[in-house]
Amino acid sequence: MIDLSLDHRVILNSEFDAGLQELDLLFNTETTELINDPTFGTNFEQFLWQLTPATSALKKYIIEKINDTYFLSKMNYDVEVNLYKGEIRMIYDVQIHIEDNRRNKTTRKYQFR
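Every value quoted in this text rests on a predicted model; they were computed, and no experiment measured them.

Further remarks concern the overall build of the chain. Each helix and strand counted, the chain has three helices and five strands in total. When the helices and strands of the chain are read in sequence order from the N terminus, they spell out β-β-α-α-α-β-β-β. Burial status across the chain gives 36% buried among its 113 residues. Counting only contacts in the chain whose residues sit at least 6 apart along the sequence, the fraction spanning at least 24 positions is 36%. In the form shown here, the chain has an accessible surface area of approximately 7,700 Å², with 49% of it arising from carbon and sulfur atoms.

Now the structure itself:
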């Protein structure tokens, strides 16, 4: 049992669910936001404002961040990054396919504009 809430209302009973929560926390936290761990989180704006963004660079960055996690790094995952031209700037479409050793599977989708 993993209790991730401050008021003890949310309890995750599986490592798979904890890994998914970890991924959402990682993607929704900017670097330097977490006290005592300034490297946790992601800074996707750096890719969006580059003059020549590369999907391979973003994929490598995401894999490095996932490798630093506790639960998610123990699961099988595949990162897929696609780049689309937006009206103002490029749009990154990220899909992360996750599977654990109990055959739980899911895909998380994120877009960065």
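In a beta sheet, neighbouring strands are held together by backbone hydrogen bonds and run either parallel or antiparallel to one another. Taken in spatial order, the three strands make up an open sheet running 3-4-5, and their pairing is antiparallel. Each edge of the sheet is formed by a strand with only one pairing partner; in this case those strands are strand 3 (76–85) and strand 5 (105–112). This sheet shows a mean twist of 15 degrees between the axes of neighbouring strands, independent of strand direction. In the packing of helix 1 (residues 15–27) onto the sheet, the strands contacted are strand 4 (90–99) and strand 5, and the crossing angle to strand 5 comes to about 5 degrees.

The subject of this paragraph is the environment of L48. Examined against the element boundaries, L48 turns out to sit in helix 2 (residues 45–48). As for L48 and I91, which are separated by 43 residues in sequence, their C-alpha atoms are 7.6 Å apart.

Before going further, it helps to examine the pattern of salt bridges. Here the idea is simple: oppositely charged side chains can pair when their charged atoms come close. According to the stated counting rule, one finds two salt bridges in the structure shown. Residue D24 pairs with R108 through a salt bridge whose shortest N-O separation is 3.6 Å. Of this pair, D24 sits in helix 1 while R108 is found in strand 5, placing the two residues 84 residues apart along the sequence. Overall, the relative accessible area of 23% leaves D24 in the partly exposed class.

A word on the environment of A57. The residue A57 is located in helix 3 (residues 55–67) in this model. Exposure remark for A57: the relative accessible area of 35% places this residue in the partly exposed category.

What follows covers the nonpolar core. One finds F27, L58, I62, V94 and I96 to be the most contacted residues of the largest nonpolar core, which totals 22 residues. Elements supplying a minimum of two residues to this core: helix 1, helix 2, helix 3, strand 3, strand 4 and strand 5. If you tally residues by element for this core, the top one is helix 1, at five residues. Not counting residues within four places of it along the chain, the set of residues in contact with V94 comprises F27, L58, I62, V79, E80, V81, R108, K109, Y110 and F112.

Turning our eyes to something else, we now look at the side chain of T69. Locating T69 in the fold gives a position in the loop between helix 3 and strand 3. Accessibility expressed as a relative area gives 9% for T69, which makes it buried. Among the polar contacts listed, one links the side chain of T69 to the backbone oxygen of I66, at a separation of 2.6 Å. In this structure T69 touches E22 and L26, once residues within four positions along its chain are discounted.

About the criteria used
Residues numbered from 1 in each chain as written. Predicted model: local features only at pLDDT ≥ 70, side-chain atom pairs only at ≥ 80, totals over all residues. Heavy atoms only, no water. Helix = DSSP H or I, 4+ residues; strand = E, 2+ residues; numbered from the N terminus. Buried < 20%, exposed > 50% of the residue type's maximum accessible area, 1.4 Å probe, protein only. Contact = heavy atoms within 4.5 Å. Areas by Shrake-Rupley, 256 points an atom, 1.4 Å probe, with all protein chains shown as cover. Pairing = 2+ DSSP bridges. Axes fitted to C-alpha atoms, helices over the stretch in contact; angles between N-to-C directions. Salt bridge = Lys/Arg side-chain N within 4 Å of Asp/Glu carboxyl O. Core = buried A, V, L, I, M, F, W, Y, C linked by side-chain atoms within 4.5 Å. Polar contact = N/O pair within 3.5 Å; in protein donor to acceptor, adjacent residues only side chain to side chain.

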